[in-house]
Each structure stands twice: as C-alpha cells, then as structure tokens.
Amino acid sequence: MACAPLMNGTRASSHPAGGDQRRLNHTAGRSAAPLLPDHWRLLLFWLVLLTVPFAAPNEYLVSLANLFLINVILIASLNLLMGYGGQISLGHAGFFGLGAYVSGILSAKVGLSAWIGLPAAMLATGLAALVIGVPVLRLRGLYLSMATLGWNAILVVMFNRLVELTGGPNGLLGVAPFSIGGFRLDTDLREFPLVWLVSLLVMLAILHVLHSRFGRALRAVATNELGAEALGIDSARTKLLFFVLSAGMAGIAGSLYVHINQYASPETFSISNSILYVVMVALGGSGTFWGPVLGALIYTAVPQLLLDYEDAELMLFGLGMLIVLIAFPRGLAGVPAALRDWHGGRQARPT
Amino acid sequence: MHAATVVQLLVIGVGTGSIYALIALGFNVVFKSTGAMNFAQGEWVVMAGMIAAVSFATINSVALACLAAVLLMTIVGIISERLVIWPLRHPNPLLITLISIGLAICTRSLMMLVLGKRPVGYPGFSKTESLGFWGINVQTQTLWIFGITLVFLFGMHLFFERSMLGKALRAAAADREAAAIVGVKVETTVMLSFAIAAFAGALAGAIITPLTLASYDQGAAFGFKGFSAAMLGGVGSLPGAVVGGLALGLLEAFGSFYISSDFKDAIAFAVLLLVLFVRPSGLLGRAEITKV
C-alpha cells in the first residue's frame, strides 16, 4: 500500500483538464526529437513494409497488410488530434465512413473515377469537420467528444436509411476499384503499392506538420491553453486546423477502403469502432509518433489471433487492454520509459 | 394535432425519458468524482436486466429478482472500481475514461459468457398489462417506471442534501484538498460514486426489461443515450440529468411520430448538437466551461 498516499492527490481531479495537462506535459517533452532521424526511421520502416508482398506466403496476408496500412492512417490521424492536441473525437469512424461513402457513391452512382473520389472524400470530411468544429472547439472538456459522438450516430442512421444513395443496411455495391489506364487495381497484390504510398505520404505529412509552427502551437495549446493564448497562439483556430486535418485523413482512408473492398456497409463505421480507434491510440501510445503504428498492428492482428477463441475473444481483448492501460498508462510505446522509471526507483511523481 | 395522441406520446416520452434520466444520473455522479466519462454505465443497465431475468427463472418473484439484481449490480460497481480504477498510480480523467471502455468490454463479454446471448425478460410488476382511458393506452409498467424513478430521485436528493455521506461526496467533488482537510475520506468517494452509478443504472435496467427484454449487446446503446441526456441537461448536475433525460425521451417520442421513426436517433442527436452549439453547458448546467 506504499502507493496509496501518492494517489490521494491525483486520484481523480474534479476538473477534466487538470489531469490531461500533466500527462501531456510528459508527451510534449518526449516528442521533441530532432527532425531528420524520425523521417529516416519512417522511410526505413516503410521500405521494410515494401517486402511484405514478396515475403507473404499467401494473398490473404497481403490483404491484411493493406488493412493494416489503412488502420495506420486512421489511428495516426486520430493520434494527431488526441495525442498531441488532447481532444478526444468519438466520431473518427464516422469521418472514415463519410469518406468511404462519398468516394463510393461518386463511383457507383455517378460513375466518377476513384482518383476524383479520393480528393473529394478528403474535402468532404474536412469540410464536415470544419462545420462541427467551429462551434465546438471554442469549448474545453467533453464537448468535442459529445458532438463527434452525436455526429457519428447521425451518420450511421443516414448510411442505413438513405437506401437509394447508400444501399442501406445491405451496403453499397458496385464501387469500381482504382485503375491506371486500363490496369485495374483489383487484387490485394495490385492494391498494395497504392495503399503503401498513400499511407507513407500521410505519415510524412503528419511528421511534417508536427515539426512545423502549427505542431508546436498545438502542443502548447494542449499543455496550457491560457499560456498559449498569452504567447499569441489562436488556440481555437489551432485545434480546428488539426481537427479538420485529422478528419480529412480519415476521409482518405475511407476512400482507399471503399475502392479496395469495392463495398461499404454501415456497421464498419459505428460509434463502437470510433471508440476502438481511441482505445488503439491509447494502447499504442498516445502522443507518440510510433504509437499509432503499434495501435494499428494490434487492431489488425489481434482479431486474427483471437479468431480461434470465438466467444472468449472479447473477454481476452478487454482484459489485455485493461492490463496494458493499468500497467503502462502511456501505452506500449511508453513501455521502455516505464521500465526505466521502475528501474530507477520510485521517486516522487513529477508535479 | 389530436389531444389523445399528444398525451399518449407524452406518456411514452416520459417513460423512456425516466430511464435515460437514471442512466444520466449515474454518468454524472462518476463524472463529478473523477472527471471521466464512464463507458461501463450502459452495460450495468442490461446486466441488471439479465440478472433479474435469470433470478426470476429460479425464485419466480419479480420484485425479489429485481431487488437481488440491483443489489448485486451495486456490488459489481464497487468491485469494478476496486479492480480497475483504484490500482491506477497516476489517475487522470482520460485514463479513467479509457479504462472504463475496457471495463465495459469485459462486462459485456462476461454477460455473454455467463448469462448467454439470448434476449431475456420477465413479466411486468403488475398483473394487468395495460390500462386504457380517454382514448389512450398506458402500460402499467410505464407507471411503475414513473413511480420508481420519482422515489429514487427523491431519495438521491435527500442523500446528497441531508446525509453525511452525500455531503462528503459533494464536498470531495467540489474541492478534493479542502474536503480531505476537513476529514472526508476522499479515496472512498470514487468507490461510492461507482456504487451509486451502478445502483442507478441497475434500477433503470430492472424496470425497463419487462418492456424491452435485455440482451448483452444493448449496453452501448443505453450508455450513449444516457451520456447524451447528461450532456443535454448539463454534465455533472443532478437536476440536469432529469431534465436532459426527459427532454431526450420526449424528443424521441415526438420525433419518431411526427417526423420519421427511421430517423428517430438522428433527430434526437441533431437537436442535441444544436443545444450544445447554442448552450454548451446544457439546459441546466452552470457555465463552468471556460470560453476561449
């Protein structure tokens, strides 16, 4: 019970922002790495990924790799908002779905090319985020969470009920794949290079924006909103910028998803999945650059690994999540640091 | 507009609204003591319904089955807090929120594994199923829902205003350090808030199950509705939960009748978003939120 006295003070703060700020101080300090190594490590990792289609024993594994890369885009974009900006969106699956349906409907109902659908999906989701974000992001606390949750709920109803446009609960059929000239990217192997390239570009964009003036402003706002304001940072506008960026990236992921599967159905974009994305950000390591990659790996691989356990799958997943979060609140990317902390003796916690 | 239709919709709206109010109250109590959203709240609602159904099958008394379910769920709330919240070394609202998601997943799968996947239920509290008068039709269970919710809310009001424990809980929520100085055992208030939240959720589950049946996968939906009601009324406020719950229930009832039942949820959430945009602190919430 040595840790009991430590807990009293911070057991739970009555103000929602208090605890977040302390945690974000941590992450802001750790992420201030030099620019070049991160870029190189990213390129290196993606080069290694490029060997997957050659090393994979079957095409199923390549399809999982595609899914993994789409999940990387989704979770990394959410991490941009949540890990660095301290704002929890419970509508990320909704933005993902909006991107998928915009791109998919343009293809299946209007007959436009996927190459037009992709930027259209990005613009539509970004614009939607702008409309929701303007009134909500002036406020602190749970309001973005609530507004995005409501937004996701509305979207799911629309996906289900606007049957003529979306195909309703049966899903949207007849979506054309990406194609270059007459070459259709309609197998997992052919899709892989495209998903690989787009996910790399998104990750580079995230890295770039984090190291820019805006990224520093965002971290300042997340750490201390009033302090950032005093330095002349427009906190509402900064949060809005990242909300729109993060939604736009989810839109890109949606467009990739719908043209690869040539199909979309409402349950893929449920609030429960939005919550799972938030969980994956936390499990991987919120506010770290590599955390989302770990999170996407868990999100893609764990359901496959637990497939044999059927009914117990959910329980194993829930227990695993609780154990990781209780033992390593900073996520898997924070495990090395946590182990160092334990090793270095239990000194007083930073205040 | 036909008067009987309006009264009928009012009854339906206030009925579901009472359930939402109870769930929202649970949300608010935990939010007050931890600053976190408790995603397990909705799971407790259906778990109570399922436990009551299983108990009813063995003891054949609705009242006793419901009582057992509510008491058991209160204990589940306490155990949950001790297992997953209490061991945290550096708790903060975000972490507690995430942990509660894990707790919700475990609770749901526990229900599925132990209590089964089939929707279960039991008869209403009264022998007569429904009463008809002045051209409207009221299910007796709805009247029970009104009554039990009212009694519970009154009890909660007394608890927070009169009892030492309730006052301690409020003091700790207002200012932890100051409360600790005057002798409030601040560590136990989080556990107490989980117990109250589970109690309120379980009560909602026990009284709604005769009308809707309970199945392990309904928890999230109840949770979201309760969360929305809490936000609508003003998060952290006790009367806010009641007003938010009733407003959401009425909104759904009238929206699905006069506009479209297909879009019922969309209408409710759209109004909720509008309210948030116009009055961010909710209908009754104090303007605690700093505008920047």
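Note that the structure is predicted; figures quoted are calculated from it, not measured.

Rules of the game
Residues numbered from 1 in each chain as written. Chains lettered and ligands numbered in written order. Predicted model: local features only at pLDDT ≥ 70, side-chain atom pairs only at ≥ 80, totals over all residues. Helix = DSSP H or I, 4+ residues; strand = E, 2+ residues; numbered from the N terminus. Buried ≥ 20, exposed ≤ 12 C-beta atoms within 10 Å, placed from the backbone. Contact = placed C-beta atoms within 7 Å. Axes fitted to C-alpha atoms, helices over the stretch in contact; angles between N-to-C directions. Parallel < 35°, antiparallel > 145°, perpendicular 65-115°, else oblique. Nonpolar A, V, L, I, M, F, W, Y, C, P; charged D, E, K, R; others polar. Pairing = 2+ DSSP bridges. Expected span 1.5 Å × (residues − 1). Bend = angle between axes of the 7 residues up to and from the residue. pLDDT = per-residue confidence, 0-100.

## Here's the deal with the overall build of chain B
Scanning chain B from terminus to terminus reveals 11 helices and 2 strands. Listed by position from the N terminus, the elements making up chain B come as α-α-α-α-β-β-α-α-α-α-α-α-α. With the principal axes as the frame, chain B shows a C-alpha extent of 60 × 50 × 35 Å. Here chain B holds 292 residues, and the buried ones make up 55% of them. For chain B, the share of sequence-separated contacts (at least 6 apart) that also reach a separation of at least 24 residues comes to 75%.

## Here's the deal with the overall build of chain A
Along the backbone of chain A there are 17 helices and 2 strands. Contacts spanning at least 24 positions in sequence make up 76% of the contacts within chain A whose residues lie at least 6 apart.

## Comments concerning unusual backbone geometry
Residue and element names in this part refer to chain B. Within the chain, Asn-60 stands out as a residue other than glycine whose phi angle is a positive 60°. As for its placement among the helices and strands, Asn-60 is situated in the loop between α2 (41–59) and α3 (62–85). The backbone of Leu-213 sits at a positive phi, close to 65°, despite the residue not being glycine. Within the fold, Leu-213 resides in the loop between α8 (186–212) and α9 (219–233).

## What about the packing of helix α5 (residues 140–162) of chain B against α8(B)?
Residue and element names in this part refer to chain B. The contact between α5 and α8 brings their axes to 9 Å, and the two run at 175°. Relative to α8, the element α5 lies roughly antiparallel. Residues Gln-141, Trp-144, Ile-145, Ile-148 and Phe-152 of α5 pack against Leu-203, Ile-207, Ile-208, Pro-210 and Leu-211 of α8. Grouping the constituent residues of the contact of α5 with α8 by class yields 9 nonpolar, 1 polar and no charged.

## Considering the environment of Met164(B)
Position of Met164(B) among the secondary structure elements: in helix α6 (residues 164–174). In this structure, the C-alpha to C-alpha distance between Met164(B) and Val184(B), residues 20 residues apart in sequence, is 9.9 Å.

## Structural notes on the packing of helix α1 (residues 3–34) of chain B against α9(B)
Residues and elements named next belong to chain B. In the contact formed by α1 and α9, the axes pass within 8 Å of each other and the chain directions differ by 75°. In this view, α1 runs roughly perpendicular relative to α9, as classed from their interaxial angle. Two secondary-structure elements touch here, α1 through Tyr-20, Ala-21, Ile-23, Ala-24, Gly-26, Phe-27 and Asn-28 and α9 through Phe-222, Lys-225, Gly-226, Phe-227, Ala-229, Ala-230 and Gly-233. Residue composition of the contact of α1 with α9, grouped by class: 9 nonpolar, 4 polar and 1 charged.

## Remarks on the environment of Arg118(B)
Of note, Arg118(B) is situated in the loop between α4 (93–115) and β1 (130–133). Sequence separation of Arg118(B) and Phe254(B) is 136 residues, and the distance between their C-alpha atoms is 31 Å.

## A closer look at the pairing of β1(B)
The two faces of a sheet get side chains in turn, since along a regular strand they alternate between them. Residues and elements named next belong to chain B. Pairing between β1 and strand β2 (residues 136–139): 4 bridges, direction antiparallel. Residue Ser-130 lies in a different strand from β2, and its bridge partner there is Gln-139. Linking β1 back to β2 in an antiparallel pair, the connection comprises 2 residues, with Trp-134 at a positive phi of about 45°.

## Observations concerning α8(B)
Residues and elements named next belong to chain B. For α8, built from 27 residues, the straight-helix expectation of 39 Å at 1.5 Å per residue is met to within 8% by its first-to-last C-alpha distance of 39 Å. Of all the bends in α8, the largest measures some 30° and sits at Ala-206, one to four residues before the proline Pro-210. A large share of α8 lies buried, amounting to 22 of its 27 residues. Positive backbone phi, approximately 65°, marks Leu-213, located one or two places after α8.

## With respect to the confidence of the model for chain B
Residues and elements named next belong to chain B. With 97% of its residues at a pLDDT of 70 or more, chain B has an overall mean of 87. Per-element averaging of pLDDT across chain B places β1 at the bottom with 80 and α2 at the top with 93. Predicted confidence for residues 287–292 stays below pLDDT 50, and this span has 15 contacts to residues more than four positions away or in other chains.

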